[in-house]
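# Structural overview for review
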Amino acid sequence: MDQWHEFYGPNMGYVLELFERYQADPSSIVPAWRAFFDSTLPPGEELAPTRSSPSPIIQADKALPGLDASKVVSVLNLAQAIRWYGHWAARLDPLGSPPPGDPSLLLETYGLTERELAAVPASLIGGIAGKRTQTALEAIQFLRKIYSGSVGHDYLQIRNAAERDWLREAAESGRFSIAQSPIDPVNILHRLTQVEVFEHFLQRTFVAKTRFSIEGLDVLVPLLDVIVGASAESGIYNILIGMAHRGRLNLLAHILQKPIEQILAEFKDPLRRRDMQNEPEGWSGDVKYHAGASRIIDTDNDPNTIDLTIQMAPNPSHLEAVNPVIEGMARAAGTRADRPGQPVFNPTVTLPVVIHGDASFPGQGVVAETLNMYHLQGYETGGTIHIIANNQIGFTAEDAETRSTLFASDLAKGYRIPIIHINADDPEGAIMAARIAFAYRERFRNDFLIDLIGYRRLGHNEGDEPAFTQPLMYKKIEAHPTVRKIWADRLVQQGLISANEPERLYQDRMNALQAVLEKLDPNVLQEPIPTPPPPGAARKVQTAVPAERLQRLNRELLHLPEGFNLHPRLSRIRQRREKILDEPDVPTIDWAAAEEFALATILEDGIPIRLTGQDTERGTFSHRHAVLHDVVTGQKYIPLQAMPQARASIEVRNSPLSEYAALGFEYGYNVQACNHLVIWEAQYGDFINNAQTIVDEFVASGRDKWGQLSSLVMLLPHGYEGQGPDHSSGRLERFLNLAADKNLRIVNCTTAANYFHVLRRQAALLTVDPLPLVIMTPKSLLRHPLVLSPRRAFTEGGWQPVIDRTGNAVPGGDHEPGKIVPPEKIERLILCSGKIYVDLVTSDLAPKHPSIGIARVEQLAPFPQADVSEMLGRYPALEEVLWVQEEPENMGAWEFVRPFLEKALAGRSRLGFVARPASPSPAEGSNNLHTFIQRSLVERAFSKSEPASRKIGPERKRRAQNARVGSK
């Protein structure tokens, strides 16, 4: 009979219907159910059922007098509806707006009365409610209190039965409540007083200065206190917090414990002598409500154990942009990579907490991109606690204007994330929600979301007048007491404090802040200015590798496990790899081999590597094959993880089809694990468009704004090959436009050896001179003979920012067609960068113009001014320097390099350029037109019959159009 208590809700209704069929004809049901009914009885049944005996549910003289099975099923359905949809009727708005409700929560929907409910035993409802009450009426009242009070449990979207049962038990048992696990209510008042006084003091002292007040969501601070305390007790080492500006200063003060002196000094905003002298070079800083902070908590007073570190990452005004950054930081914080093979991630030592806005959570696509990562291999963080700081308004827009869903949190349901909605005037509910969220995350290693619903007491910022657009809402807010006042009044009514205690606490805190202000020295202001690198650090790096080491690595990388069945085409490719290092001066090493050699040597140097991106395991152009697949078993094998002398791990992952979140994740991983070489590869360089926010707000300016150091590497396939506007350009011009004060390294390599050296140089500079590295990588050139490099180019020399074909050829590496012309005979020098070089040197026009030299600028930023000037000085007869690019005039590198070239020439030679005409689109869509224009660019570069800077005119456009039509 006890087994019947496992059924409730619609399940019980289904079982009762089966039982009636069993009574009428046992053979009409499946044997398993027949055996169950043969061995047990439903509640209230005393004798074994027979075919002729009526169902106990419809026997008036049995346990359920006057009710038939349909009424019982209705009771069970009502109970289940409350469990599933009770949050629709919860009182979640502190301002008192009515909940949306749902007909499934009403008695009349099921044709029930309270008298009928009172006649049904509570045990049929199941769960905690069925055990703690006597009748279904009491059980329903119990459930309404749990699910439709000031807390709304929202977990119907959870598919896993064990998780759903845990969430139901957590809600109904009350074991996470203050009642069963007490917190001193006076301490809560102290905390709420700190939060409120902080805002009031700033408002009074710095009138109308923007701070993005937390007021209306004050309980966010005690909520986070619970998460921090639980983390310290559970052995978590890192809490990573990401949030936008709403309430940020309050959390910095009270969760991160950023010194109040520092915050007040930032409001004072003194102009100091070093600012007027523009020192240090390039430092600009950021507004105070974008800044980050960190705090270390000694959890056990033992200097030999790891303490808890809380970090709040800096965030720009792109509200949710920090989400993937936090996830990447959390992944890195929990990853051990100091051993060869696959890095090991431990989800028990790190916790990401992301605080969202109610309008931005459904409105910003990066939220969905980031949520999509949380169960992907290589991106898991062991679960994130999400909190929506829900003030029911987005700038000036109301809920109906900012989302199409009922709740701001509904997006999370698509990712099977449980949700608790909380009225922000209920500190007890907020604390309970935090406890449940943390416990669920610890148990199931999944994300959890708390929808903290409050209001915004002031305007979007302290200078706004919110009543212009929400006059009715702000009448309610003006009359509404703060949560501190509500909680204080409750404690007074309960006799826990005296009537004047709340005001005394308020004044004491206000006086303490005033005392800090009066003693404030503006010079206390500290900014996270990064230490400048040693002079010439990048040039001092040695990246050449002995030939014996390369040969050994090649053998190790070509080794396969016994019985591994490689694809036949890959087998042939790898067989050719066996002899690529035999001759020192023969160009045999291609781009992919150079990359693998670079990564292998970096691992042997003890530097961990993370390589991710779209199709990165194989490579978009089937060139890399870092991950091999057994064609029979599907087993994966990564040669770089199997090297016997590696002293660090490498992780190679295909990323989700995302750029914004994927790049943000890798940036976060990189800044947290600053001694790792982190590489992200776009499928095509154009796709960086979708990650432009991360590039602008973090990669390019994070060092300048926040002192946040990054050495992230971005591989962006770039080159005009007739594939149309969206598969040609890595948007080189955008990166160059962002390059200033040596904030980025931007290169466009044209030899395998130079790619090898730039990767090794980047790894060597990780902790010496960290800068993001943007590499415009080739596509068709990946296997081009002119990109191949000889062994000597890897064992001698190093990174070459400029390659002068006529003057400073790589030893054994200059194997272009044609005879090298002495520098004194060169009258015109073509400068270029990237793939256009191959088009120029392989043109049939090149041999016809021996007085024209061709050189490559491999490093564009920081621009190698000294190298270019030295190269130009080797040409005494030089009359003209011509910059040639395949990008349109308003794109590519021309506008960036022009002032540097003018400075280098100092007027002694003419400067011209050849490019596609200025265009809103990066490239033409027709392959025939592309071929014609590429040929035209080369002709103009070698021609003396027209000005060097002449664009394609109407006649050439007409000829191009005719060529395209004729091709059809």
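This structure is a prediction, so every number in the text was calculated from the model and none was measured.

## With respect to the overall build of the protein chain
A count of helical and extended segments in the protein chain gives 35 helices and 24 strands. By residue count, 59% of the 968 residues in the protein chain fall in the buried class. Restricting to contacts in the protein chain with at least 6 residues of sequence separation, those with at least 24 account for 78%. With the model as given, the accessible surface of the protein chain reaches about 39,100 Å², and the carbon-plus-sulfur share is 51%.

## Concerning unusual backbone geometry
The linkage connecting A861 with the following residue, P862, adopts the cis geometry, with an omega of -10 degrees. Within the secondary structure, P862 is located in the loop between β22 (859-861) and α32 (865-872). Positive phi, normally seen in glycine, also occurs at Q257, with a value near 55 degrees. Structurally, Q257 can be placed in the loop between α10 (248-254) and α11 (260-268). Within the chain, H625 stands out as a residue other than glycine whose phi angle is a positive 55 degrees.

## Section: the sheet that holds strand β18 (residues 773-777)
Pairing between sheet strands relies on hydrogen bonds along the backbone, with the strands arranged either parallel or antiparallel. The strand order across the open sheet built from seven strands is β14-β11-β15-β16-β18-β17-β22, with neighbouring strands paired in mixed fashion. The outermost strands of the open sheet, each flanked by one partner alone, are β14 (650-654) and β22. Taking the axes of each pair of neighbouring strands and ignoring which way they run, one obtains an average angle of 20 degrees across the sheet. In this sheet, β14 lies alongside strand β11 (residues 609-613) in parallel orientation, the contact comprising five bridges. Across the sheet, G613 pairs through a bridge with N654, a residue of β14.

## So, the pairing of strand β15 (residues 677-681)
The element β15 is largely enclosed, with a buried count of five among its five residues. Residues L677, I679 and E681 point to one face of β15 and V678 and W680 to the other, with burial holding for every one of them. In this sheet, β15 lies alongside β11 in parallel orientation, the contact comprising five bridges. Among the inter-strand pairings, L611 is bridged to a residue of β15, identified as I679. In terms of strand pairing, β15 meets strand β16 (residues 713-717) through three bridges, oriented parallel.

## Points about the pairing of strand β8 (residues 385-390)
Most of β8 is tucked away, with six of its six residues classed as buried. What you see with β8 is no split at all: I385, I387 and A389 on one side and H386, I388 and N390 on the other are buried throughout. Inspection of the sheet shows β8 paired to strand β10 (residues 448-453) by six bridges, in the parallel sense. Within β10, the position partnered with A389 by the bridge is L452.

## Describing helix α22 (residues 547-558)
The terminal C-alpha atoms of α22, which comprises twelve residues, lie 17 Å apart, in line with the 16 Å expected from a rise of 1.5 Å per residue. Here α22 lies mainly inside the structure; nine of its twelve residues are buried. Regarding α22, the residues found buried are A547, R549, L550, R552, L553, N554, E556, L557 and L558. Tucked into the core, α22 has its buried residues touching α23 (568-577), α24 (591-604) and α30 (792-795).

## Focus on the environment of V897
If you trace the backbone, V897 turns up in helix α33 (residues 894-905). The exposure class assigned to V897 is buried, which follows from its relative accessible area of 0%. Taking the C-alpha atoms as reference, V897 lies 7.7 Å from F863; in sequence the two are 34 residues apart. Residue contacts for V897: discarding those within four places in its chain leaves L860, F863 and W883.

## Quick notes on the nonpolar core
Counting residues in each nonpolar core, the largest one holds 111 residues, and the members touching the most others are L251, V353, I355 and I387. When residues of this core are assigned to their parent elements, the largest contribution, eleven residues, is made by helix α17 (residues 427-444). Beyond its immediate sequence surroundings of up to four residues, V353 is in contact with L224, I227, I239, L240, I241, G242, T384, I385 and I387. By size, the runner-up hydrophobic cluster in this structure holds 75 residues, among which are L581, Y755, L781 and F794.

## Description of the side chain of T370
Assignment of secondary structure puts T370 in helix α15 (residues 365-371). Setting aside its immediate chain neighbours within four residues, T370 contacts N323, P324, E327 and A661.

## Some points on the pattern of salt bridges
On inspection of all chains with the given rule, the structure shows 48 salt bridges. Between E380 and R331 there is a salt bridge whose closest N-O contact spans 3.1 Å. Here E380, found in the loop between α15 and β8, pairs with R331, found in helix α13 (residues 322-333); they are 49 residues apart in sequence, far enough to count as distant. Note on E380: relative accessible area 24%, which makes it partly exposed. Two residues, R610 and E651, come together in a salt bridge whose shortest N-O distance is 3.0 Å. Taken as a pair, R610 in strand β11 and E651 in strand β14 lie far apart in primary sequence, 41 residues in all. The two residues R610 and E651 agree in class, both being buried.

## Things to note about the sheet that holds strand β23 (residues 880-888)
Here we have five strands laid out as an open sheet, ordered β19-β21-β20-β23-β24, and mixed in their pairing. Pairing within the sheet leaves two strands with one partner each, and these edge strands are β19 (802-804) and β24 (910-916). Averaged over all neighbouring strand pairs, the angle between strand axes comes to 25 degrees, with direction disregarded. In the sheet, strand β20 (residues 828-832) pairs with β23 via four bridges, with the strands oriented parallel. Of the residues in β23, the one forming a bridge with R828 is E880. Across the face of the sheet, helix α34 (residues 927-942) comes into contact with β20, β21 (852-857), β23 and β24 while running at roughly 170 degrees to β24.

## Details of the packing of aromatic side chains
All chains considered together, the criterion is met by 21 aromatic pairs. Ring centres 4.8 Å apart and planes at 80 degrees place the aromatic pair F212 and Y289 in the edge-to-face group. Of this pair, F212 sits in the loop between α8 (185-205) and α9 (220-234) while Y289 is found in the loop between α12 (273-276) and β3 (293-297), placing the two residues 77 residues apart along the sequence. Across the pair, Y289 and F212 agree in class, each one buried. Feature note: the residues W166, F176, Y440, F444 and F448 constitute an aromatic cluster, connected by ring pairs. Here R610 stacks its cationic end above the ring of Y379, 5.1 Å away from the centre of that ring.

## Quick look at the packing of α22 against α24
Two numbers describe a pair of packed helices, the interaxial angle and the distance between the axes. Interhelical geometry of α22 versus α24 gives an angle of 100 degrees and a closest axis separation of 10 Å. In terms of orientation, α22 lies roughly perpendicular with respect to α24. Touching R549, L550, R552, L553, N554, E556 and L557 of α22 are E596, F597, A600, T601 and E604, all from α24. The class makeup of the residues in the contact of α22 with α24 is five nonpolar, two polar and five charged.

## Some points on the environment of S70
As for its placement among the helices and strands, S70 is situated in helix α3 (residues 69-85). Sequence-wise, S70 and E17 are 53 residues apart; in three dimensions their C-alpha atoms are separated by 9.5 Å.

## Brief notes about the confidence of the model for the protein chain
Mean pLDDT for the protein chain: 88, with 89% of residues reaching 70 or above. In this model, residues 43-65 is a region of pLDDT below 50 whose contacts with residues beyond four sequence positions or in other chains number 50 contacts. Counting interchain partners and residues more than four positions distant, the pLDDT-below-50 stretch residues 945-968 has 27 contacts.

## Thoughts on the layout of surface pockets
A volume near 1,400 Å³ is recorded for the largest pocket. Residue lining of the largest pocket: 46 residues in total, with P533, K742, D769, L771 and P862 positioned closest to the centre. At the level of elements, α21 (537-540), α27 (702-706), β22, α32 and α33 are the ones that each hand at least two residues to the lining of the largest pocket. Residue classes in the lining of the largest pocket are distributed as 25 nonpolar, eleven polar and ten charged.

What counts, and at which threshold
- Residues numbered from 1 in each chain as written.
- Predicted model: local features only at pLDDT ≥ 70, side-chain atom pairs only at ≥ 80, totals over all residues.
- Heavy atoms only, no water.
- Helix = DSSP H or I, 4+ residues; strand = E, 2+ residues; numbered from the N terminus.
- Buried < 20%, exposed > 50% of the residue type's maximum accessible area, 1.4 Å probe, protein only.
- Contact = heavy atoms within 4.5 Å.
- Areas by Shrake-Rupley, 256 points an atom, 1.4 Å probe, with all protein chains shown as cover.
- Pairing = 2+ DSSP bridges.
- Axes fitted to C-alpha atoms, helices over the stretch in contact; angles between N-to-C directions.
- Expected span 1.5 Å × (residues − 1).
- Core = buried A, V, L, I, M, F, W, Y, C linked by side-chain atoms within 4.5 Å.
- Salt bridge = Lys/Arg side-chain N within 4 Å of Asp/Glu carboxyl O.
- Phe/Tyr/Trp six-rings, centres within 6.5 Å; stacked < 30°, edge-to-face > 60°.
- Lys NZ or Arg CZ within 6 Å of the ring centre and 35° of its normal.
- Parallel < 35°, antiparallel > 145°, perpendicular 65-115°, else oblique.
- Nonpolar A, V, L, I, M, F, W, Y, C, P; charged D, E, K, R; others polar.
- pLDDT = per-residue confidence, 0-100.
- 1 Å grid on protein atoms, 1.4 Å probe; cavity = no way out; pocket = protein on both sides within 12 Å on 5 of 7 lines; lining within 4 Å.
- Points joined across faces, edges and corners; volume = space filled by probe spheres on them.

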